[in-house]
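Now for the letters of each chain:
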Amino acid sequence: MLSRRAATLQLAALASGVSFIGLRPLAALADQQPDRPADYAPDEIVANGHKFFGSISRGLAEVVESATNRWGKPNGYILGQEATGAFIGGVRYGEGVMHTRNAGDLRVFWQGPSLGLDAGADGDRTMMLVYNLPATNAIFRRFGGVDGSAYLVGGFGMTALINDDVYVVPIRSGVGARLGFNVSYLKFTPTSTWNPF
């Protein structure tokens, strides 16, 4: 927060076209993002994940710890459900709510195609950890990555998707049969759509 004297000097500098050394320019103040979500501690994520996944979540703490060691503390997370199907090519559709500490909650939908040596179908409860999100609306874009699955009846796994410096790390607990790996992306949208592209 600028003092009254510093603010007056800054305005005088702008009016005269002169820059004072040591004063923060107004452009720098405008670059600060007050709606950037604050970080979550790993134990908060694990506690919310246990509530969401229930008895299926035995390995959740280890997965969250692994993600925290790799990418730091998330500043958002999504809780939702999704369904997928694949035979060489596949699609994934899901919906949920993105939670942030200080920027509110946001309903999100995701969909995306996949291509690879992959076959099966599954339904998942999904928690997605979101890292480096500059603002809540920045989630509405495509995130790409490589996914691998191997389970019959039930499973639990983690992948990572990236767009610029923003990471989305889905942690899935699923029921179904799936085997293989694929290259895919997820497109996040504010409304549901059948178009995976």
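This write-up is about the structure you can find in this document. (Residues numbered from 1 in each chain as written. Predicted model: local features only at pLDDT ≥ 70, side-chain atom pairs only at ≥ 80, totals over all residues. Heavy atoms only, no water.)

So, the pattern of salt bridges
For clarity, the cut-off: A side-chain nitrogen of Lys or Arg and a carboxyl oxygen of Asp or Glu constitute a salt bridge if their distance falls within 4 Å. The numbering of helices and of strands both runs from the N terminus, where a helix is a DSSP run of H or I of at least 4 residues and a strand a run of E of at least 2.
As enumerated under the stated definition, the model contains 6 salt bridges in all. In this structure, Asp 164 engages Arg 141 in a salt bridge whose closest nitrogen and oxygen atoms are separated by 3.6 Å. Of this pair, Asp 164 sits in the loop between β4 (161-163) and β5 (166-189) while Arg 141 sits in the loop between β2 (106-131) and β3 (142-158), and the two are 23 residues apart along the sequence. Salt bridges here are not isolated pairs; linked through shared partners, they connect Glu 82, Arg 92, Asp 124 and Arg 172.

Here we look at the pairing of strand β1 (residues 76-99)
Put simply, the rule is: Strand pairing follows a simple DSSP-based rule, namely that at least 2 bridges must link the two strands.
Strand direction decides the pairing type here: β1 and β2, joined by 22 bridges, are antiparallel. Among the inter-strand pairings, Met 98 is bridged to a residue of β2, identified as Leu 106. Here β1 hands over to β2 after 6 residues, with Gly 104 in that stretch at a positive phi of 85°.

Here's the deal with unusual backbone geometry
What counts is decided by this rule: Between buried and exposed lies partly exposed: a residue is buried under 20% and exposed over 50% of the maximum accessible area for its type, with that area taken using a 1.4 Å probe on protein chains only.
Positive phi values are uncommon outside glycine, yet Ile 88 reaches one of about 70°. You can see Ile 88 is positioned in strand β1. On the basis of relative accessibility, which here comes to 43%, the residue Ile 88 falls in the partly exposed class. Phi at Asp 164 takes a positive value of approximately 55°, unusual for a residue other than glycine.

Observations concerning the environment of Val 169
Stated formally: Contact definition: two residues touch when any of their heavy atoms are within 4.5 Å.
Mapped onto the elements of the fold, Val 169 is located in strand β5. When its relative accessible area of 0% is taken as the criterion, Val 169 is described as buried. For Val 169 and Tyr 77, which are 92 residues apart along the polypeptide, the C-alpha to C-alpha distance reads 9.1 Å. With sequence-adjacent residues up to four places away left out, Val 169 is seen in contact with Trp 71, Met 127, Met 128, Leu 129, Tyr 131, Met 158, Thr 159 and Ala 160.

Regarding helix α4 (residues 60-71)
The following threshold applies: Under the convention used throughout, the expected extent of a helix is 1.5 Å for every residue step, that is, one less than its residue count. This arc corresponds to the set of directions leading from the helix axis out to the C-beta atoms.
Helix length check: α4 (12 residues) gives 16 Å between terminal C-alpha atoms against 16 Å at 1.5 Å per residue, within 8%. Taken together, the buried positions of α4 are Leu 60, Val 63, Val 64, Ala 67, Thr 68 and Trp 71. Axial view of α4: buried residues confined to an arc of 135°, hence all on one face. With respect to the buried face of α4, the exposed residues turned more than 90 degrees away are Glu 62, Asn 69 and Arg 70. Looking one or two residues past α4, Gly 72 carries a phi angle of roughly 90°, positive in sign.

A word on the nonpolar core
Rule in force here: Residues belong to a common nonpolar core when they are buried Ala, Val, Leu, Ile, Met, Phe, Trp, Tyr or Cys residues joined through side-chain atoms within 4.5 Å.
Ile 45, Tyr 77, Met 127 and Leu 129 are the most contacted members of the largest nonpolar core, which has 17 residues in total. Broken down by secondary-structure element, the contributors of at least two residues to this core are α3 (42-53), α4, β1, β2 and β5. Tallying contributions element by element places α4 first for this core, with 5 residues. Of all hydrophobic cores here, the second largest spans 15 residues; its members include Ala 138, Val 166, Leu 186 and Phe 188.

Keep in mind that these numbers describe shape and distance, not what the molecule does.
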